[in-house]
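Fold and contact review
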Amino acid sequence: MKFDTPATINPIDQLKIIGKPTDRIDGPMKTTGTARYAYERHTEVPDAAYGWVVGAGIAKGRIASMDLGAARAAPGVLAIVTARNAGKLGKGDFNTAKLLGGPEIDHYHQAVALVVANTFEQARAAAQLVRIAYTRAPGRFDLAAEKDAAQMPKANPFSGEPQTKTGDFAGAFAAAAVQFDATYTTPDESHAMMEPHASIAQWQGDKLTIWTSNQMIAWGVGDVAKTLGIPKANVRLVSPFIGGGFGGKLFVRADAVLAALGARAAKRPVKVALQRPLLMNNTTHRPATIQRIRIGAARDGKITAIAHEGWSGDLPGGQPETAVNQTRLLYASANRLTTTRLAVLDLPEGNAMRAPGEAPGMMALEIAMDEMAEKLALDPVEFRVINDTQVDPEKPERPYSQRRLIECLRTGAERFGWSKRNAAPGQQRDGRWLVGMGVAAAFRNNLLMKSAARVRLDNRGMVTVETDMTDIGTGSYTIIAQTAAETMGVPLDRVLVRLGDSAYPVSAGSGGQWGANNSTSGVYAACMKLREAVVSKLGFGAVDVEFADGMVRAGERAVPLAEAAGTGGLMAEDGIEYGDLDKKYQQSTFGAHFVEVGVDAATGEIRVRRMLAVCAAGRILNPKSARSQVIGAMTMGVGGALMEDLALDKRHGFFVNHDLAGYEVPVHADIPHQDVIFLDETDPISSPMKAKGVGELGMCGVAAAVANAVYNATGVRVRSYPITLDKLLDRLPPVV
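Quick look at the structure, then. (Residues numbered from 1 in each chain as written. Predicted model: local features only at pLDDT ≥ 70, side-chain atom pairs only at ≥ 80, totals over all residues. Heavy atoms only, no water.)

Looking at the side chain of Glu486
By the element assignment, Glu486 lies in helix H12 (residues 476-488). The side chain of Glu486 is buried and forms no salt bridge, while Lys16, the nearest opposite charge, is found at 6.0 Å. A distance of 2.7 Å separates a polar side-chain atom of Glu486 from the backbone nitrogen of Ile17. Filtering out sequence-adjacent residues up to four positions away, Glu486 remains in contact with Pro11, Ile12, Gln14, Leu15, Lys16, Ile17 and Ile18. (Helix = DSSP H or I, 4+ residues; strand = E, 2+ residues; numbered from the N terminus. Buried < 20%, exposed > 50% of the residue type's maximum accessible area, 1.4 Å probe, protein only. Lys, Arg positive; Asp, Glu negative; His and termini not counted. Salt bridge = Lys/Arg side-chain N within 4 Å of Asp/Glu carboxyl O. Polar contact = N/O pair within 3.5 Å; in protein donor to acceptor, adjacent residues only side chain to side chain. Contact = heavy atoms within 4.5 Å.)

What follows is the structure, given as structure tokens:
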């Protein structure tokens, strides 16, 4: 199905099932332990051996020698895989560094060996006997030290151009009545998902099956094939359940490739899970940023000049953190400048983490907007409203498909009681607590991706959907079932959804908050094609046909849907492909975050007291799971504001706190009641579902809202995340 004109009335608009708060159909499996994750496929692979990954002990240099003798002689050892015996290996399109290092070492904890044994304990014990001598080389580990050498990277479809200019920023900024110029920093952050990267690999002749934990199945198939030098047709990836990803499982990692190599060497299936300390340094992370923001405005608050420059680092050949991109679109100004620069660092690979670009970018931009509002003596909500735009500021001829940022801000301000906020910082107290409120806009682009599905109808009236779409805890199973049920006119319990298998048609996959809108659109396309087959089979001809309650009706005639299947069933396969509507219209999602905090006047301890998110994100397909996505994102935003920080050893080039004891994330006690409001919106320019995405919008701006609330409570402005008490203590107002 080609989507190249705005959607009109279609079966989804019935809203009998779509748009209703619906329990997740995979919930009972997950709560009873019957949803089998990558490391748990014991039925399919009952005789798997175990692999233990050995990570490099240096960040830069080479292996001088590797003594495997004692490890090979250890009880139960079946094979040891290294770069010397693995055969010729390629590098996947989505990998910056080799997944199996040696003799050259690209980063700390790069995999250099896999020890395979009969039991997990035997593999772990033998791995401790591997003796490796290294020759260290000087490395570049400090972004601030490498900042001046950073270069503008090449443009690509995800990051866009490294620099954009509109009007005369320098002239307008110099002439502005009110000027603001500040620099902000965000730290390296870890995905820290609950389920580690894990895979089981099995060879059957030259055919390879990997049960893994991966968000993008088709990307994974391509990279496994390219790395191992085998045809894509010989690779099958299976990933029906994923215990969290946040972008860390967009790409194939060492567990999958090493499991395949280990299985080939041991001549039996092998299962590999990256031990928790390896996750932070062996896989990807959100890279640290340095961001400079300059804003010039007239006395009435109209922005006349805005510039946002960002620096991040990555391995040679890597990609930047595009922290400036939302500034190209969010606020009006005729004179604009954005620049992204990338430094070469010898750290573990920096890559996508939930809301890449916008999440760290909004952490800086939305503090800057708060600071500028204060300089202008304007309310922070009103300052944002004054500078709203209904067109792409860099391309004024290009309108937004929908943009309801003002309504988000106004609705949130009323619901949160913003009018009670004291604009003077450090003035409101509740016992020992200094109390403050903060606000930030939320913004995330709506990305369109091709997505396909296969739909089957059997003679019981059951509809089965097959697509390689994944569910990373987001509710994909349920919204896909809702889509098929709505389109085919059957109850939800008459739909079976099968996901996460490369044997199924290629979907959009899970990432960039594009999964829900695109994958359901692909399922809708396949269902519409199946409807055509049903109408033809039942001989209804070119009349208006209704699919409802398991029946197909036209005029006085009504036939059970199951009857169309016959004994052999019916099958249709189709997908959604997009025209150029996203070129004619800017498609984005918007929101507003409001936060109240209390800061202990004596200790500087910060407690979040209330949170509210107001979101405008197209049609909400399942309000229950969408709200779950947003409150999870809000929680993650609190982590980014107050605690998350991969502590970097700048001498040796590794993240020191590489486990869940040292890398702190919010727990239940850290998070108060969270309110979420979805504006009633449809966007017919986005897709036939008239939906967008919401899972990352809910995070963008949260950290800045927390930071702004801390400032309002204390009068202490922190521009370097996370906002820990040591950054507050010596500047807090007097206790009495």
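Regarding the packing of helix H16 (residues 623-642) against helix H17 (residues 702-714)
Look at H16 against H17: their axes get within 7 Å of each other, and the N-to-C directions meet at 55°. Comparing their axes, H17 and H16 come out oblique. Taken as a pair, H16 and H17 cross one another with a handedness that is right-handed. Contacts between H16 and H17 involve Met634, Gly637, Val638, Gly640, Ala641 and Leu642 from the first element and Val702, Ala703 and Val706 from the second. Partitioned by chemical class, the residues of the contact of H16 with H17 number seven nonpolar, two polar and no charged. (Axes fitted to C-alpha atoms, helices over the stretch in contact; angles between N-to-C directions. Parallel < 35°, antiparallel > 145°, perpendicular 65-115°, else oblique. Left-handed = near helix turned anticlockwise from the far one by under 90°. Nonpolar A, V, L, I, M, F, W, Y, C, P; charged D, E, K, R; others polar.)

Observations concerning the pairing of strand E25 (residues 551-554)
Residues Val552 and Ala554 point to one face of E25 and are all buried, whereas Met551 and Arg553, pointing to the other face, are not buried. Across three bridges, strand E24 (residues 546-548) lies against E25 in antiparallel orientation. Bridging from a neighbouring strand, Glu546 pairs with Arg553 of E25. The loop that links E24 with its antiparallel partner E25 comprises two residues; one of these, Asp549, has a positive phi angle of about 55°. Alignment of E25 against strand E26 (residues 557-560), held across four bridges, turns out to be antiparallel. For Ala554, the partnering residue across the bridge sits in E26 and is Arg557. (Pairing = 2+ DSSP bridges.)

Here we look at the sheet that holds strand E5 (residues 104-105)
Strand order in this open sheet of three strands is E5-E3-E7, and the pairing throughout is antiparallel. Every interior strand has two partners, whereas the edge strands, E5 and strand E7 (131-136), have only one. The pairing of strand E3 (residues 61-67) with E7 spans six bridges and is antiparallel. For Ser65, the partnering residue across the bridge sits in E7 and is Ala133.

Regarding the packing of aromatic side chains
Here the structure, examined in full by the defined rule, presents 18 aromatic pairs. In textbook terms, an aromatic cluster arises when at least three aromatic residues are bridged by ring pairs, as seen for Phe94, Phe158, Trp219, Phe251 and Trp514. Over the aromatic face of Tyr39 sits the side chain of Lys271, whose NZ or CZ is 4.2 Å from the ring centroid. Between Arg610 and the ring centre of Phe416, over which it is positioned, the NZ or CZ distance is 3.9 Å. (Phe/Tyr/Trp six-rings, centres within 6.5 Å; stacked < 30°, edge-to-face > 60°. Lys NZ or Arg CZ within 6 Å of the ring centre and 35° of its normal.)

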